[in-house]
Amino acid sequence: MSYDALGEGKLPKPGDVIMLNSFNWVEWESTMSAYLKMHRVWNVVRETKGLDKPDPARAGLSPAEVAEEIRKLALWEKADESAQGCIEFSTELAYRTIYKEIDENKLTAREMWKQAFAKLGKRDVFRVSQSFDKLINMKFDRKKDLAPQISKLKELRRLSTTV
């Protein structure tokens, strides 16, 4: 993907994506990354070789290269701003304060994504993996009523596949 293709999409509307909270990182991450890809701003969130934030102040650039870096930076900043808006818009209001903890000079969509995972994602991934482990290790006792055991199995399956 080139810088010229960044940000060719619309911002989400209510209901387009699920709202991130402390219990649904796994599902939100999958949905949101697809949404950002669809709107051509995912490359500013993930670490994509060749599509990092352009730096016109980099040493050794010719005037023409500086001009090209400035052009790319404007495109990158527009895409990053769109991605930031999508990420914040799809985070439940009570959890949006996690983004305020990022140094304003370092605030990018990539940093917002990392912060969301650090504050909300690790806990949810752990919850899903625990439920999955319980599901795998569950044993039926043939001497007892199977109905409650099957109910427990269904609940563990539901918890471990909430993605």
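All values derive from a computational prediction rather than experimental measurement.

Further remarks concern the overall build of the protein chain. Secondary structure assignment for the protein chain yields five helices and zero strands. Secondary structure elements of the protein chain occur, N-terminal to C-terminal, as α-α-α-α-α. When burial is assessed residue by residue, the protein chain has 36% of its 163 residues classed as buried. Partitioning the intrachain contacts of the protein chain with sequence separation of at least 6 by distance along the chain shows that 68% fall at a separation of at least 24. Accessible surface computed for the protein chain: about 10500 Å², of which carbon and sulfur atoms make up 55%.

Judged by nonpolar contacts, the single largest core of 25 residues is most densely connected at Met-32, Leu-36, Val-45, Ile-87 and Trp-113. Breaking this core down by element, the ones donating at least two residues are α1 (25-38), α2 (42-45), α3 (63-89) and α4 (109-137). Considering every element that reaches this core, the biggest residue donor is α1, with six residues. The contact partners of Val-45, leaving out residues within four places of it in the chain, are Leu-36, Ala-83, Ile-87, Ala-109, Arg-110 and Trp-113.

Looking now at the packing of aromatic side chains. Scanning the model with the defined rule gives five aromatic pairs in all. Between the aromatic rings of Trp-42 and Trp-113, the centroid separation amounts to 5.1 Å while the plane-to-plane angle is 75 degrees, which identifies the pairing as edge-to-face. Within this pair, whereas Trp-42 is found in helix α2, its partner Trp-113 is found in helix α4, the two being separated by 71 residues in sequence. Pair check on accessibility: Trp-42 and Trp-113 agree, each one buried. Among the aromatic side chains, those forming a connected cluster through ring pairs are Trp-25, Trp-28, Trp-42, Trp-113 and Phe-117.

Position of Thr-108 relative to the elements: it lies in the loop between α3 and α4. Exposure remark for Thr-108: the relative accessible area of 15% places this residue in the buried category. Residues within four places of Thr-108 in sequence aside, it is in contact with Trp-76, Asp-80 and Gln-84.

Overall, Trp-113 belongs to the buried group, its relative accessible area being 11%. For the pair Trp-113 and Tyr-99, spaced 14 residues apart in sequence, the C-alpha separation works out to 9.2 Å. Leaving out residues up to four positions away in the same chain, Trp-113 has contacts with Trp-25, Trp-28, Glu-29, Met-32, Ser-33, Leu-36, Trp-42, Val-45 and Ile-87.

Okay, α3 next. For α3, with 27 residues, the first-to-last C-alpha span of 39 Å sits near the 39 Å given by 1.5 Å per residue. Looking only at α3, the buried set comprises Glu-69, Leu-73, Trp-76, Ala-79, Asp-80, Ala-83, Gln-84, Cys-86 and Ile-87.

Another aspect to go through is the environment of Glu-69. Relative to the helices and strands, Glu-69 is located in helix α3. Classification of Glu-69 by relative accessible area gives buried; the value is 10%. Residues Glu-69 and Asp-55, spaced 14 residues apart in sequence, show a C-alpha to C-alpha distance of 6.3 Å. Not counting the four nearest positions on each side in its chain, Glu-69 is found in contact with Pro-54, Asp-55, Pro-56, Arg-58 and Leu-61. Reaching out from Glu-69, the side chain makes a polar contact with the backbone nitrogen of Asp-55 at a distance of 3.0 Å.

We now examine unusual backbone geometry. One non-glycine residue, Arg-40, adopts positive backbone phi at about 60 degrees. With respect to the helices and strands, the residue Arg-40 is situated in the loop between α1 and α2.

The rules behind each value
Residues numbered from 1 in each chain as written. Predicted model: local features only at pLDDT ≥ 70, side-chain atom pairs only at ≥ 80, totals over all residues. Heavy atoms only, no water. Helix = DSSP H or I, 4+ residues; strand = E, 2+ residues; numbered from the N terminus. Buried < 20%, exposed > 50% of the residue type's maximum accessible area, 1.4 Å probe, protein only. Contact = heavy atoms within 4.5 Å. Areas by Shrake-Rupley, 256 points an atom, 1.4 Å probe, with all protein chains shown as cover. Core = buried A, V, L, I, M, F, W, Y, C linked by side-chain atoms within 4.5 Å. Phe/Tyr/Trp six-rings, centres within 6.5 Å; stacked < 30°, edge-to-face > 60°. Expected span 1.5 Å × (residues − 1). Polar contact = N/O pair within 3.5 Å; in protein donor to acceptor, adjacent residues only side chain to side chain.

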